[in-house]
Amino acid sequence: MAKMAAEPITVRAAASSSLCLLHRHRVSRIRASQPINGKNNFYKQLGMFSLRKKIEDSILSAEILAPTALEVEEARRIKQEEAVRECNLWDDLTKSNEILDNLAESAKVVDALKDVKYKTEEAKLIMELAEMDAINDGLFKQAYTASVDVNKLLKKYEISKILNEPYDKEGASLTVESGSGGIYNEIWAERLARMYIKWAEKQGHKWRIVEKYPSSNNGGIKSATIEFESSFVYGYLMGESGIHHMIGSLQDGSSLFEASLAAVDVIPLFLESVPDLPIEDKDLLISFPSCGEEQGRTVPAVHIEHVPTGLTFQSSGERSRFANKMKALNRLKAKLLTILGNQEISRLSSSINRSAVVDIQQNQEARKYVFYPDKLVQDVKTGVQLPDLNAVLNGNIEPLINAHIGMRQANPSV
């Protein structure tokens, strides 16, 4: 009997011991997880605080700047509307076009600033809803997105006020040409062209490739011309002109060498009308090179050389020979106008010579892209250095563009 009575006691003791062990294991797991969860909550709260601070700063900046800017721009638009009513548009068509262009541009600016006010109110409302909903992550992200849009719109407005040179508000025609001697130059030129296309897509600018001369077998390009058909793109991109070096390294890292290079040239793409620049026929050599066939038709390419300067332009992207001739001629005029700067157009023959053009085109280094040992980008013109090479090649060149615009503002002769 004693033996039979002892067995239940032993079983109960074993069960009790197992429960204690299980309880201790659960407690230890809970205690171990508490610091991790606490740390995660801390980082989450820290991230939300940082996000809230960025949103509040954006809203504050917009509330300070946007109303004043909108008031100024609306007053300017009203003044321009009065000028339209008082002016007989048929008396001077050139002046009339200028007045109407200014009025249209002013209306765009007013609409953009109204959009800033709307986006600011949207960000504020979402912030208030997020606070009421016990810090809703999704609403905070929406507010942050709206505040980013506000910052972009304000930045564009500020930049548009700085870009006030004669052709800054025009579109841009950008040509990338590979250096001579080597397939790596051609591959590098293609990568640069993609960088500018990605930038345009991120900024919402219209673009199209109008000329492209690919390499035979390496995926690179000998040259490509991209047209950006949005306002102020020339003002943004004019600082990109020059030589762009890709810097590599020997495998042992003992020394650096310039692995490849490409030249970038940016000229205005006149969105409305091309300024009247007299060029005598005797100063032009026009030829019609063969550029093969596209979709069963012969490409009607036109090549123009300006004899006094040696400048050459070719167009093959249009459907007719006449259209390609006008395109090449307009590019030549745009280039001559940028070289002339603020000089009188009538002084063309005495102001520009072949050696001056060579100096402008060939002797200006723009940027170095270092791939090894550290990946970074060095802007030669402004001195700006960025550590994220891949981000730049993916089209994030706004810091470089803004640096050059800032330098132009400080030194208008740049």
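Residues numbered from 1 in each chain as written. Predicted model: local features only at pLDDT ≥ 70, side-chain atom pairs only at ≥ 80, totals over all residues. Heavy atoms only, no water.

Observations concerning the overall build of the chain
From N to C terminus, the chain includes 10 helices and 13 strands. Buried positions account for 36% of the 414 residues belonging to the chain. With the model as given, the accessible surface of the chain reaches about 24300 Å², and the carbon-plus-sulfur share is 54%. (Helix = DSSP H or I, 4+ residues; strand = E, 2+ residues; numbered from the N terminus. Buried < 20%, exposed > 50% of the residue type's maximum accessible area, 1.4 Å probe, protein only. Areas by Shrake-Rupley, 256 points an atom, 1.4 Å probe, with all protein chains shown as cover.)

Points about the layout of surface pockets
By volume, the second largest pocket amounts to about 760 Å³. Considering only residue class, the lining of the second largest pocket consists of 7 nonpolar, 6 polar and 8 charged. (1 Å grid on protein atoms, 1.4 Å probe; cavity = no way out; pocket = protein on both sides within 12 Å on 5 of 7 lines; lining within 4 Å. Points joined across faces, edges and corners; volume = space filled by probe spheres on them. Nonpolar A, V, L, I, M, F, W, Y, C, P; charged D, E, K, R; others polar.)

Thoughts on a nonpolar patch on the surface
Taken together, the side chains of Leu60, Ile64 and Leu65 present a nonpolar region at the surface, about 280 Å² in accessible area. Checked against the element boundaries, Ile64 lands in helix α1 (residues 2-86). Of the residues examined, Ile64 reaches a relative accessible area of 53% and is grouped as exposed. (Patch = residues over 30% accessible without salt bridge, like charges linked within 9 Å, V, L, I, M, F, W, Y side chains within 5 Å. Salt bridge = Lys/Arg side-chain N within 4 Å of Asp/Glu carboxyl O.)

Some points on the confidence of the model for the chain
In the predicted model, the chain carries a mean pLDDT of 77, and the fraction of residues at 70 or more is 76%. Of all secondary-structure elements in the chain, the lowest mean pLDDT belongs to helix α7 (residues 348-351), at 48, while strand β1 (residues 171-178) reaches the highest, 95. Note on residues 1-39: pLDDT is under 50 here. Beyond four places in sequence and across chains, it has 0 contacts. (pLDDT = per-residue confidence, 0-100. Contact = heavy atoms within 4.5 Å.)

Looking at helix α4 (residues 183-203)
The first and last C-alpha atoms of α4 sit 31 Å apart over 21 residues, in line with the 30 Å expected at 1.5 Å per residue. For α4, every residue scored as buried is listed here: Asn185, Glu186, Trp188, Ala189, Glu190, Leu192, Ala193, Met195, Tyr196, Ile197, Trp199 and Ala200. Gly204, located one to two residues past α4, shows a positive phi value of around 80°. (Expected span 1.5 Å × (residues − 1).)

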